Amino acid sequence: MKTLASWLILLLPFLASCSKTPAPTAPPAAAPPAALSAEVLNAAVQRGKAIAAETFSLLSSNLQSAIQSGGVSNALPFCSLAASPLTAGMAGKHGVTLRRVTHKRRNPAGRADATERAILNQFATALTRTNPPPPLVTNLTTGTVTFFAPIVLNNELCLKCHGEPGKDISSENVALIAHLYPQDEATGFKLGQLRGAWRIDIPLASLR
């Protein structure tokens, strides 16, 4: 009996290990996107530049019309109500995803995420050497090419909404900005500073 008991004691750890449910295995990590060819990179730069320029022209012309109609105080509501639909319309026209991202947002939808902030930091560093810095193209996700282009404040008119409160921005418009954008961060800029960037996500298949 002692011998049988001894064998049972020795076997207990093995029996216990056999009864355990196997630990679930982690799913394999997604493979990183394949490197982009020179042809695709060039096509993305050309297309991204064209879309950004067309969108900027559309927004600028509408903004100037709003200013001419009623001054800066009339343009601020335009930015609040009309800029996003116009940008979405351009994205639909070209079959891309189109955003303006920034480190100091006015519209909450424009807040840059960690990846976008890293791109903005690259642009800010490059801006000390070149104004404006060249665009950047990357492949953050498989099947999509992402184009970034810097937005630099090179027009004094921009300071009427984004400059120093009480100096560049009238007290009336400071109050209006606070009303339209209660959590606004997009003031205090100077000419030549980085305001943000265009982000355009382009389907890879459309560039081949």
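Just so you know, the residues in each chain are numbered from 1, in the order the chain's sequence is written. In keeping with the model being predicted, local features are shown solely for residues with a pLDDT of at least 70 and side-chain atom pairs are shown and tallied solely at 80 or more, while totals for entire chains, interfaces and linings include all residues. Side-chain measures were taken over the full set of non-hydrogen atoms in the model, leaving aside hydrogen atoms and water.

**Points about the pairing of strand S3 (residues 144-152)**
Note the threshold: A simple rule labels every residue: compare its accessible area, found with a 1.4 Å probe on the protein chains alone, to the largest value its type can have, and call it buried under 20%, exposed over 50%, or partly exposed in between. Starting at the N terminus, helices and strands are each numbered in turn, a helix being any DSSP run of H or I of at least four residues and a strand any DSSP run of E of at least two. Pairing between strands is defined by DSSP: at least two bridges between the two strands are required.
Of all nine residues making up S3, eight are buried, and the element is well covered by its neighbours. Relative to S3, strand S2 (residues 136-138) is paired through three bridges, and the arrangement is antiparallel. Across the sheet, residue Thr-138 finds its bridge partner in S3, namely Thr-146.

**A short note on the environment of Leu-194**
Spelled out, the test is: Throughout, a contact is declared for two residues whenever any of their heavy atoms are within 4.5 Å.
Turning to its location among the elements, Leu-194 is positioned in strand S4 (residues 194-203). Taking the C-alpha atoms as reference points, Leu-194 and Ile-151, 43 residues apart in sequence, are found 6.0 Å from one another. Every residue in contact with Leu-194, bar those within four places of it in the chain, is listed here: His-103, Leu-120, Phe-123, Ala-124, Leu-127, Pro-150, Ile-151, Val-152 and Phe-189.

**Looking at the sheet that holds S2**
The cut-off we apply is this: Orientation is described by axes fitted as lines to C-alpha atoms, over the contacting stretch for helices, and by angles from 0 to 180 degrees between their N-to-C directions.
Reading across the sheet, the four strands line up as S1-S4-S3-S2 and stay open at both edges, with antiparallel pairing between neighbours. Each having just a single partner strand, strand S1 (97-101) and S2 make up the two edges of the open sheet. Recorded for the sheet is a direction-independent mean angle of 20° between the axes of neighbouring strands. Strand direction decides the pairing type here: S1 and S4, joined by five bridges, are antiparallel. Across the sheet, Thr-97 pairs through a bridge with Asp-201, a residue of S4. Contacts between helix H5 (residues 114-127) and the sheet are confined to S1, S2, S3 and S4, with S4 contributing the most and set at about 125° to the helix.

**Details of unusual backbone geometry**
A cis amide bond links Asn-131 with the next residue in sequence, Pro-132, at an omega value of 0°. Looking at where Pro-132 falls in the secondary structure, it is placed in the loop between H5 and S2.

**As for the confidence of the model for the protein**
What counts, and what does not: Every residue carries a pLDDT, the predictor's confidence in it, which falls somewhere between 0 and 100.
Per-residue pLDDT for the protein has a mean of 87; in total, 85% of the residues score no lower than 70. Confidence, expressed as mean pLDDT per element, reaches its minimum in the protein at helix H1 (residues 2-19) with 39 and its maximum at S4 with 98. Below a pLDDT of 50 lies the segment residues 1-21, which in the model reaches zero contacts outside its immediate sequence neighbourhood of four places, other chains included.

**With respect to the environment of Ala-88**
Within the secondary structure, Ala-88 sits in helix H4 (residues 83-94). The class of Ala-88 is partly exposed, set by a relative accessible area of 48%. For the pair Ala-88 and Thr-55, spaced 33 residues apart in sequence, the C-alpha separation works out to 9.8 Å.

**Digging into the packing of aromatic side chains**
The condition is simple: Within 6.5 Å between ring centres, the rings of Phe, Tyr and Trp (the latter by its six-membered ring) count as paired, and their orientation is classed by plane angle as stacked under 30 degrees, edge-to-face over 60, tilted in between. Note on criteria: charge over ring means Lys NZ or Arg CZ within 6 Å of the ring centre, with the direction from the centre no more than 35 degrees off the ring normal.
Taken as a whole and assessed by the stated rule, the structure comprises zero aromatic pairs. Lys-104 extends its terminal NZ or CZ atom over the ring of Phe-189, reaching a point 4.8 Å from the ring centre. Lying over the aromatic face of Tyr-181, Arg-106 brings its terminal NZ or CZ to 5.7 Å of the ring centre.

**Looking at the packing of helix H3 (residues 72-81) against helix H7 (residues 171-180)**
In plain terms, the rule: For this classification, under 35 degrees means roughly parallel, over 145 means roughly antiparallel, 65 to 115 means roughly perpendicular, and everything else is oblique. In this scheme, a crossing is called left-handed if the near helix is turned counterclockwise away from the far one by less than a right angle; it is called right-handed if the turn is clockwise.
As a packed pair, H3 and H7 sit with axes 10 Å apart at the nearest point and diverge in direction by 15°. In terms of orientation, H3 lies roughly parallel with respect to H7. In the crossing of H3 with H7, the sense of the turn from one axis to the other is right-handed. Of H7, the residues touching H3 (which contributes Val-72, Ser-73, Leu-76 and Pro-77) are Glu-172, Asn-173, Leu-176, Ile-177 and Leu-180.

**Description of the pattern of salt bridges**
Put simply, the rule is: Counted as salt bridges are all cases of a side-chain nitrogen of Lys or Arg within 4 Å of a carboxyl oxygen of Asp or Glu.
Across all of its chains, the model carries seven salt bridges by this definition. The partner of Arg-199 in a salt bridge is Glu-116, with the nearest N and O atoms 2.8 Å apart. Of this pair, Arg-199 sits in strand S4 while Glu-116 is found in helix H5, placing the two residues 83 residues apart along the sequence. Residues Arg-199 and Glu-116 agree in their burial class; the two are buried. As a salt-bridge pair, Lys-190 and Glu-164 come within 3.5 Å of each other at their nearest N and O atoms. On the criterion of sequence distance, the pair formed by Lys-190 in the loop between H7 and S4 and Glu-164 in the loop between helix H6 (159-162) and H7 is long-range, its members being 26 residues apart. Relative accessible area serves as the criterion here: at 48%, Lys-190 is assigned to the partly exposed category. Residue classification places Glu-164 among the partly exposed positions, given a relative accessible area of 28%. A network of salt bridges, in which partner residues are shared, links Arg-99, Glu-116, Arg-199 and Asp-201.

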